[in-house]
Amino acid sequence: MTDTMRAVVMRQRGGPDVLALQDVPAPHAGPGEVRVRVRAVALNHLDLWVRSGAASPKLPLPHVLGSDVAGEIDETGPGVTDLAPGARVMVNPGVSCGHCERCLTGHDNLCRRYGIIGEHRMGGYADFLVVPRANVVPVPRGLDFVQAAAVPLSSLTAWQMVFDRAEVKPWHTVLVMAAASGVSTWAIQFARLAGARVIAAAGDDAKLDLARELGAHETINYRREDHTARVRELTGGEGVDVALDHTGADFWQGTLRALKWGGTLVTCGATSGYEAVTPLAQVFYRQLSVLGSTMGRKGDLFRIARLVEEGRVRPVVSGVRPLAEAALAHEDMARRDVFGKLVLTVD
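Residues numbered from 1 in each chain as written. Predicted model: local features only at pLDDT ≥ 70, side-chain atom pairs only at ≥ 80, totals over all residues. Heavy atoms only, no water.

Explain the packing of aromatic side chains to me, please; I cannot follow it from the model alone.
Geometry of an aromatic ring pair is reported as the spacing of the ring centres plus the angle between the planes. Counted under the stated rule, the structure contains six aromatic pairs. Ring geometry for Tyr222 against Phe251: centres 4.2 Å apart, planes inclined by 35°, an arrangement best described as tilted. Of this pair, Tyr222 sits in the loop between strand E12 (218-221) and helix H7 (227-234) while Phe251 sits in the loop between strand E13 (240-245) and helix H8 (252-257), placing them 29 residues apart in sequence. Comparing Tyr222 with Phe251, the two get one shared label, buried. By the ring-pair criterion, three or more aromatic residues cluster together here, those being Trp159, Phe163, Trp186 and Phe190. The ring of Phe128 has Arg37 lying over it, and the distance from NZ or CZ to the ring centre is 5.6 Å. Positioned above the aromatic ring of Phe145 is the side chain of Arg88, whose terminal nitrogen or guanidinium carbon lies 4.8 Å from the ring centre. (Phe/Tyr/Trp six-rings, centres within 6.5 Å; stacked < 30°, edge-to-face > 60°. Helix = DSSP H or I, 4+ residues; strand = E, 2+ residues; numbered from the N terminus. Buried < 20%, exposed > 50% of the residue type's maximum accessible area, 1.4 Å probe, protein only. Lys NZ or Arg CZ within 6 Å of the ring centre and 35° of its normal.)

Next comes the structure, spelled out in structure tokens:
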């Protein structure tokens, strides 16, 4: 049985240089848990925020990042009888208590003890990862480990934004900001599945090309033109029914103004900063809804996996590096020229 493993360890907060590949004790599966032999782990902006201290600043150190993991079952703990070593799985990043009212009614991401693997507990920048049995889902047929690692966190986040929070309908027009981000590549596809008209916005024409490949009907380069004015033009002066956003402060007011009267803005993050000014007259007089969203319910990942197997949606991988180059991958992500997901391979 393996007693040590390689892991990219964060021993202090700061820039990418605080990440170092080291040998550390290997975890073992306890009751109701499984150990995953990590084959690929995808990056999220959350990794950068935790590393810098912008998220979970009181997190005990040293720490291992990495929320999105795909690999093989390596070890099962007592009570786990339905999974055999070698089973190909991807990890659902959300962990909850499993026994409170919210968990038992299918709203586990509202659990007061909810945490995210790689943020609130050790993550997958490592050879092995131990998680509850409830947190593994079979890898969709046709996907390799790199593609599978690009699925869980972003797709769950987008699913909840589109279907649960915004309740997108076929007659809606939906604005998707930061169109080439991990979350937004899924949001475009899910909004199309719902039958909506999709307007995708990004600051790079190549990213907008990807958005159109994924199903966006119209695109806007918000570095070259006022996205609010362009939305109004595309919608005959009405605005959009729904805006899906995680860009944060830089475009917040413009995106609010891009909504039609009675429209809904759903936000799941704030890449450009948390301190956005909200003109309250815009909200109450135009009867707008502003909704927050974090992650999604565990069970929805099974639905997403089926859609992936059917070829109706797909993960988008921007680039691949080996685990030892995790710091360089963080630099790649910080430049914001990523299309979809960056993935680290673990051999």
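I'm lost on the sheet that holds strand E10 (residues 173-176) in this one. Help?
Through backbone hydrogen bonds, the strands of a sheet pair up, either in parallel or in antiparallel fashion. Strand order in the open sheet formed by six strands is E12-E11-E10-E13-E14-E15, with parallel pairing between adjacent strands. Two strands lie at the open edges of the sheet, namely E12 and strand E15 (289-292), each paired on one side alone. Strand-to-strand twist of the sheet, defined as the mean angle between neighbouring strand axes without regard to direction, takes the value 20°. Here E10 pairs with strand E11 (residues 197-202) via four bridges, running parallel. Note on E11: the bridge partner recorded for Leu175 is Ile199. Of the strands in this sheet, E10, E11, E12, E13 and strand E14 (259-267) touch H7, which is tilted by about 160° from E12. (Pairing = 2+ DSSP bridges. Axes fitted to C-alpha atoms, helices over the stretch in contact; angles between N-to-C directions. Contact = heavy atoms within 4.5 Å.)

What am I meant to see in the pairing of E11 here?
For E11, a buried count of five out of six residues is recorded, marking the element as mostly surrounded by other parts of the structure. In this fold, the crossover linking E10 to E11 by way of helix H5 (residues 182-193) has right-handed handedness. (Right-handed = clockwise from strand over helix to strand, strands pointing away.)

Is there a simple way to explain the layout of surface pockets in this structure?
Picture a little ball the size of a water molecule; that probe, rolled over the atoms, points out where space is still empty. Its boundaries defined by the atoms lining it, the largest pocket holds a volume of some 980 Å³. Lining the largest pocket are 44 residues, with His45, Trp49, His246, Gly269 and Thr271 positioned closest to its centre. When residues of the lining of the largest pocket are traced back to their parent elements, those giving at least two are helix H1 (45-52), helix H4 (152-165) and H5. Looking at the lining of the largest pocket residue by residue, the classes come out as 20 nonpolar, 17 polar and seven charged. (1 Å grid on protein atoms, 1.4 Å probe; cavity = no way out; pocket = protein on both sides within 12 Å on 5 of 7 lines; lining within 4 Å. Points joined across faces, edges and corners; volume = space filled by probe spheres on them. Nonpolar A, V, L, I, M, F, W, Y, C, P; charged D, E, K, R; others polar.)

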